[in-house]
Amino acid sequence: MSPILRRLLSLILSLAVASAVIFAVVDLVPGDPASFMLGTGAQPDTVAALREQMGLDLPWPVRYARWLGGVLTGDLGTSLAYKTPVAGIILARVQVSLPLALMALGLAVAVAFPVGMLAARKRGGPADAAVMGATQLGIALPNFWFAMLLVLVFAVKLRWLPAGGFPGWSHPGAALKSLILPAIALALPQAAILARVLRSALIETLGQDYIRSARAKGLSRGQALRRHALRNALIPVLTILGMQFSFLMAGAIIIENVFYLPGLGRLIFQAITQRDLVVVQSAVLVLVAAVILVTFLVDLAYAAVDPRLRRR
């Protein structure tokens, strides 16, 4: 069996296990959705009728099989709070969360790579100390505090960018402008982490024998770093990139609330408060599927960076 096929089978198995765990955990959450929807003054027979209508009176395996069958056919059910198909709600929210995550990750990479390479090249010098201090500050600063600072400067004082909201992709320019500040707020700590990981990986790689051989052949430290060390230092960097993208897709709830963005994180938060378990299950499954898919793509990227891994 080829390595790619093994990874695909592992991906499918991981999704199957994740779906069962998500359904079980959400199902065990205290509280009854039917009672929540009808209110505390509802009669028991009315609650029982609604539970039967929603299928909540069925055994757990039957409800799971129905939900999983719907997921496989693209039918994620109907939201209890919004009374609309869950698939449409999630698709609309992904159109905000995915571009935001990609913008934030792109900004983080654009900042982290030159900064990390500079710190590795100037190891022990003033530039290295400055980079390490700046990255430590970037990790320590809460991103929601940084987000409010960005709003104060660029939205309130300078009026260059909107303070919040999302106009939709029918106005692409305005939509991109509304994502700039939240993307910067999300990118700051990720760029700091990535720069430190890249610096450490490059320093370790620069100590290898083949780098010393390249230097002996006349390459400068910077040339050896760019031509030889960088590619071989990408394995831990790719791992961090995969983890960061997963976090940016699922962990941007605070930033989405600060900027009032209708993203996936905010949808899950609202669905939990409204006891909309259908939305919670489906949205969390979409996020888990995205994480597993990104992990699979990172594995493929490992093989592209290091040919020795293609046979494993």
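For clarity, every value in this text was computed on a predicted model and none was experimentally measured.

Of regular secondary structure, the protein possesses 14 helices and zero strands. The order of α-helices and β-strands along the protein, N terminus first, is α-α-α-α-α-α-α-α-α-α-α-α-α-α. Relative to its full complement of 312 residues, the protein shows a buried share of 40%. A total of about 16300 Å² of accessible surface is found on the protein, and carbon and sulfur atoms cover 68% of it.

There is a patch of nonpolar side chains on the surface, built from Phe144, Trp145, Met148, Leu149, Leu152, Val153, Val156, Leu158, Trp160, Ile254 and Val258 and spanning about 980 Å² of accessible area. Secondary-structure elements contributing two or more residues to the nonpolar patch are α7 (143-157) and α12 (253-258). If one sorts the elements of the nonpolar patch by residue count, α7 sits on top with seven residues. Along the chain, the position of Leu152 falls in helix α7.

Moving on, we come to the packing of aromatic side chains. Tallying each qualifying case throughout the model produces five aromatic pairs. Taking the centre distance of 5.5 Å and the plane angle of 35° together, the rings of Phe23 and Trp67 count as tilted. Residue Phe23 is located in helix α1 (residues 3-27), and its partner Trp67 is located in helix α4 (residues 60-72); the two are separated by 44 residues in the primary sequence. Relative to Trp67, the ring of Tyr64 has its centre 6.3 Å away and its plane inclined at 45°; by these criteria the two rings are tilted. With Tyr64 and Trp67 both in helix α4 and three residues apart, the pair spans about one turn of that helix. Given the relative accessible area of 8%, Trp67 is considered buried. Linked through ring pairs, Phe23, Tyr64 and Trp67 together constitute an aromatic cluster. The ring of Tyr260 has Arg266 sitting right over it, with the charged end atom 4.1 Å from the ring centre.

Listed under "transmembrane region" (unreviewed entry) in the UniProt record, and renumbered for this structure, are residues 100-120, 141-160, 180-198, 233-255 and 283-305. Between the end C-alpha atoms of residues 100-120 there is a gap of 30 Å, over a span that is 100% helix and 0% strand. A distance of 23 Å separates the end C-alpha atoms of residues 141-160, which is 75% helix and 0% strand.

A separate point is a positive patch on the surface. Together, Arg121, Lys122, Arg226 and Arg227 make up a positively charged patch on the protein surface. Examined against the element boundaries, Lys122 turns out to sit in the loop between α5 (86-121) and α6 (126-140).

Turning next to the pattern of salt bridges. Tallied over the entire structure, the rule returns one salt bridge. A salt bridge links Asp128 to Arg199, with the shortest nitrogen-to-oxygen separation between them at 2.8 Å. Of this pair, Asp128 sits in helix α6 while Arg199 sits in helix α8 (residues 172-206); the two residues are 71 residues apart in sequence, bridging distant segments of the chain. Overall, the relative accessible area of 5% leaves Asp128 in the buried class. Judged by relative accessible area, Arg199 falls into the buried class, the value being 15%.

Attention now goes to the packing of α5 against α8. Following both chains from N to C, one finds α5 and α8 inclined at 35°, their axes separated by 5 Å at the closest point. Read as a crossing pair, α5 and α8 show a hand that is right-handed. Classifying every residue of the contact of α5 with α8 by side-chain character gives 30 nonpolar, two polar and one charged.

Next up on the list: the packing of α5 against helix α13 (residues 264-273). Across the interface, α5 lies against α13 with an axial gap of 8 Å and an inter-helix angle of 135°. With respect to α13, the element α5 is oriented oblique. Judged by residue contacts, Ile89, Ile90, Arg93, Val94 and Ser97 of α5 engage Leu264, Gly265, Arg266, Leu267 and Gln270 from α13. Split into classes, the residues belonging to the contact of α5 with α13 amount to five nonpolar, three polar and two charged.

Bringing the side chain of Glu256 into the picture now. Within the secondary structure layout, Glu256 lies in helix α12. Here the side chain of Glu256 touches Ser97 through a polar contact of 3.1 Å, side chain to side chain. Leave out the neighbours within four places in its chain, and Glu256 touches Ser97, Leu261, Gly263, Leu264, Gly265 and Arg266.

Next up on the list: the side chain of Gln270. Mapped onto the elements, Gln270 comes out in helix α13. Excluding anything up to four places from it in sequence, Gln270 contacts Tyr82 and Arg93.

Further remarks concern the environment of Val109. In this structure, Val109 sits in helix α5. Looking at Val109, the relative accessible area reads 27%, which means it is partly exposed.

Basis of the calculations
- Residues numbered from 1 in each chain as written.
- Predicted model: local features only at pLDDT ≥ 70, side-chain atom pairs only at ≥ 80, totals over all residues.
- Heavy atoms only, no water.
- Helix = DSSP H or I, 4+ residues; strand = E, 2+ residues; numbered from the N terminus.
- Buried < 20%, exposed > 50% of the residue type's maximum accessible area, 1.4 Å probe, protein only.
- Areas by Shrake-Rupley, 256 points an atom, 1.4 Å probe, with all protein chains shown as cover.
- Patch = residues over 30% accessible without salt bridge, like charges linked within 9 Å, V, L, I, M, F, W, Y side chains within 5 Å.
- Salt bridge = Lys/Arg side-chain N within 4 Å of Asp/Glu carboxyl O.
- Phe/Tyr/Trp six-rings, centres within 6.5 Å; stacked < 30°, edge-to-face > 60°.
- Lys NZ or Arg CZ within 6 Å of the ring centre and 35° of its normal.
- UniProt positions renumbered as here; feature names shortened; annotations may be inferred.
- Lys, Arg positive; Asp, Glu negative; His and termini not counted.
- Charge placed at Lys NZ, Arg CZ, Asp CG, Glu CD.
- Axes fitted to C-alpha atoms, helices over the stretch in contact; angles between N-to-C directions.
- Left-handed = near helix turned anticlockwise from the far one by under 90°.
- Nonpolar A, V, L, I, M, F, W, Y, C, P; charged D, E, K, R; others polar.
- Parallel < 35°, antiparallel > 145°, perpendicular 65-115°, else oblique.
- Contact = heavy atoms within 4.5 Å.
- Polar contact = N/O pair within 3.5 Å; in protein donor to acceptor, adjacent residues only side chain to side chain.

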